[in-house]
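Observations on chain architecture
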Amino acid sequence: GISRLNDIVMITESASADDLGHRIIFVNEAFERITGFSHEDVIGKSSSILHGRNTQKEELVKISQALKDGRPVHTEVIHYKKSGEEIWLELDIVPISDDVGLNTHWVAVMRDITQRKQTEMKIQQLAFYDSMTGLPNRQLLIDRLKQRLSSSSRSHHSGAVLFIDLDNFKSLNDTHGHDVGDMLLVEVARRIVKCVRDSDTVGRLGGDEFVVIINELDENLRDAAVQTSTVCEKILLSFKESFVLNNYIHHTTPSIGVTLFNHNSPASVDELLKRADLAMYK
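The structure presented is a predicted model; accordingly, all values stated were derived computationally and were not measured. (Residues numbered from 1 in each chain as written. Predicted model: local features only at pLDDT ≥ 70, side-chain atom pairs only at ≥ 80, totals over all residues. Heavy atoms only, no water.)

Regarding the sheet that holds strand E3 (residues 73-80)
Ordered in space as E2-E1-E5-E4-E3, the five strands form an open sheet in which the pairing is antiparallel. Strands at the two margins of the open sheet, each flanked by one partner only, are strand E2 (22-27) and E3. With direction set aside, neighbouring strand axes in the sheet form an average angle of 35°. Of the strand pairs in this sheet, strand E1 (residues 8-16) and strand E5 (residues 103-112) are connected by six bridges, and their pairing is antiparallel. Within the sheet, the bridge partner assigned to Thr12 lies in E5 and is Trp106. Contacts between helix H3 (residues 57-68) and the sheet are confined to E2, E3, strand E4 (86-97) and E5, with E3 contributing the most and set at about 135° to the helix. Contacting E3, E4 and E5, helix H4 (residues 114-128) crosses the sheet at an angle of about 130° to E4. (Pairing = 2+ DSSP bridges. Helix = DSSP H or I, 4+ residues; strand = E, 2+ residues; numbered from the N terminus. Axes fitted to C-alpha atoms, helices over the stretch in contact; angles between N-to-C directions. Contact = heavy atoms within 4.5 Å.)

Below is the structure:
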């Protein structure tokens, strides 16, 4: 009966084959059909044959910990087909014991949940990212800023919020149309991202308004201000080079407003954004 299930069934020895896997002694037809590995490819091999680049290490650790303790485990992990294609599998692993209660084998039942994961990711993308530039949208920016505020009160690092607005953006849209305006926004997003570190966040509030959250600045606000102005200089410099939009050469400058925060300045997210916005108009 096991061989005809839609669910993948894999049985392994309980002793580890290597750091991350156990020796496979049985796979059903669904395993062969879904993973593309034949029976011959995997019998006697470690179950880590299914792991790859994006397989979550922390989930593997969680699994091996549970197996060491002889506990059943339920999780979702990225696996790889024989072709190298990524799939998401939902795993249920239970220990099988012999008559004296010694754990001799593991039975893993796995379900292909790739489609569900892709749908979830699309929904996430729509909810939290701006579809045009691919940057975090207002919602995600506000979430990140909340996190930063609470982490700066723990770590005592300061942070900065930059409000960036494009000068004369409206006239570009009016004279050259929204397509050209959109091309400018996409290119601006790219340039701003290049000016900050990976740990910083660049987002688009809407229209031609961008926000940058700079993390891990010096605790001393004066030093933090110097570090922030360096980033602003970099951004201003990145706008010096002209923008080529559909054969049209465009020059634009940004207005940047800055507000700093640290563990001593208990401001709300709204307040910080307001201050940065005000600073920009000055």
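There is more to say after this.
Let's talk about the nonpolar core
Counting 27 residues, the largest nonpolar core has Leu162, Leu184, Val188, Ile192, Phe210, Val212 and Ile235 as its most contacted members. The set of elements that each furnish at least two residues to this core consists of strand E6 (158-166), helix H6 (169-176), helix H7 (178-195), strand E8 (209-217), helix H8 (221-238) and strand E9 (243-245). Of all the elements, H7 adds the most residues to this core, at seven residues. Ile24, Leu60, Ala66 and Met110 belong to the second largest nonpolar core, which has 23 residues in total. (Core = buried A, V, L, I, M, F, W, Y, C linked by side-chain atoms within 4.5 Å. Buried < 20%, exposed > 50% of the residue type's maximum accessible area, 1.4 Å probe, protein only.)

Quick notes on the environment of Gly70
Following the sequence through the fold, Gly70 ends up in the loop between H3 and E3. Along the primary structure Gly70 and Trp106 are separated by 36 residues, whereas in three dimensions their C-alpha atoms are 9.4 Å apart. Not counting the four nearest positions on each side in its chain, Gly70 is found in contact with Pro95 and Trp106.

Here's the deal with the packing of aromatic side chains
Evaluation of the coordinates by the stated rule reveals one aromatic pair. When the ring of Phe239 is compared with that of Phe243, the centres are 5.6 Å apart and the planes differ by 65°; the resulting orientation is edge-to-face. Taken individually, Phe239 and Phe243 each receive the classification buried, so the pair is uniform in this respect. Note that Lys117 overlies the ring of Trp88, its terminal NZ or CZ placed 4.5 Å from the centroid. Sitting over the face of the ring of Phe243, Arg191 holds its NZ or CZ atom 3.7 Å from the ring centroid. (Phe/Tyr/Trp six-rings, centres within 6.5 Å; stacked < 30°, edge-to-face > 60°. Lys NZ or Arg CZ within 6 Å of the ring centre and 35° of its normal.)

Things to note about the pairing of E6
Residues in a regular strand project their side chains so that they alternate between the two faces of the sheet. Buried residues dominate E6, accounting for nine of its nine residues. The side-chain alternation of E6 yields two buried faces, one formed by Ser158, Ala160, Leu162, Ile164 and Leu166 and the other by Gly159, Val161, Phe163 and Asp165. Where E6 and E8 come together, seven bridges link them in antiparallel fashion. Paired with Leu162 across the strands is Val212, a residue of E8. The sheet contact formed by E6 and strand E11 (residues 254-261) spans eight bridges and is antiparallel. What sits directly across from Leu166, in E11, is Pro254.

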